[in-house]
Amino acid sequence: MRAEVIVYTHALMTDEEKKKFTRKRSRPGMGLGLFAKEEIKKGTFILEYIGKKISTKDAEAIKTRYLFEIDNEWTVDGSTRTNTARYINHSCDPNTEADIRDGSIMIDAVKDIAKGEELTIDYDQEYYDEFIKPQGCRCSAAAHRT
Ligand SMILES: [Zn+2]
């Protein structure tokens, strides 16, 4: 049996983020997830998905699961650990959604989120097929993407 590794990641969150979120182990078989420390109302902006802006063309050559495409021209490489949004796990019935505003990836609540609830997002089909489907989706949704 593999020993549980304690990951001290909080130092990389801003003070503002530490008030709002906590990172901890998610559902069995999943890595760290991002959890709300306070209630978040539907429609509220939560946080930005940050990282290095690279050309979408170059992004195709990079092997990371933390690529977020803005448009045909630009993609954000969010693999940096200061990108708190990268800890949001996939769900087939998510409570957040990404919206591109002025070239930035803004994550908003699409449901009321209770204190202590995990933040989830539905990554696109390509992501699902590559990273989720092979081991089977472990999200809490009643029905999964196919
Ligand atoms: Zn699922």
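Treat the numbers as computed from the prediction; the structure is a model and nothing was measured.

## Some thoughts on unusual backbone geometry
Okay, step 1: Positive phi, normally seen in glycine, also occurs at D102, with a value near 50°.
Okay, step 2: Residue D102 is classed as exposed on the basis of its 5 C-beta neighbours within 10 Å.

## Thoughts on the environment of L32
Okay, step 1: With respect to the secondary-structure elements, L32 resides in strand β2 (residues 32-36).
Okay, step 2: The sequence separation of L32 and N89 amounts to 57 residues, and the corresponding C-alpha distance is 8.1 Å.

## Remarks on the nonpolar core
Okay, step 1: Formed by 18 residues in total, the largest nonpolar core has its most connected members in I46, Y49, I107 and L119.
Okay, step 2: In this structure L119 touches L34, F35, A36, I46, I88, N95, T96 and I113, once residues within four positions along its chain are discounted.

## Things to note about the sheet that holds strand β5 (residues 67-69)
Okay, step 1: Ordered in space as β4-β6-β5, the three strands form an open sheet in which the pairing is antiparallel. Looking at strand neighbours, the two that pair on one side only are β4 (52-55) and β5, the edges of this open sheet. Sheet twist, expressed as the mean angle between neighbouring strand axes with direction ignored, is 35°.
Okay, step 2: The sheet contact formed by β4 and strand β6 (residues 74-77) spans four bridges and is antiparallel. Bridge pairing links I54 to T75 in β6.

The rules we used
- Residues numbered from 1 in each chain as written.
- Predicted model: local features only at pLDDT ≥ 70, side-chain atom pairs only at ≥ 80, totals over all residues.
- Buried ≥ 20, exposed ≤ 12 C-beta atoms within 10 Å, placed from the backbone.
- Helix = DSSP H or I, 4+ residues; strand = E, 2+ residues; numbered from the N terminus.
- Core = buried A, V, L, I, M, F, W, Y, C linked by C-beta atoms within 7 Å.
- Contact = placed C-beta atoms within 7 Å.
- Pairing = 2+ DSSP bridges.
- Axes fitted to C-alpha atoms, helices over the stretch in contact; angles between N-to-C directions.

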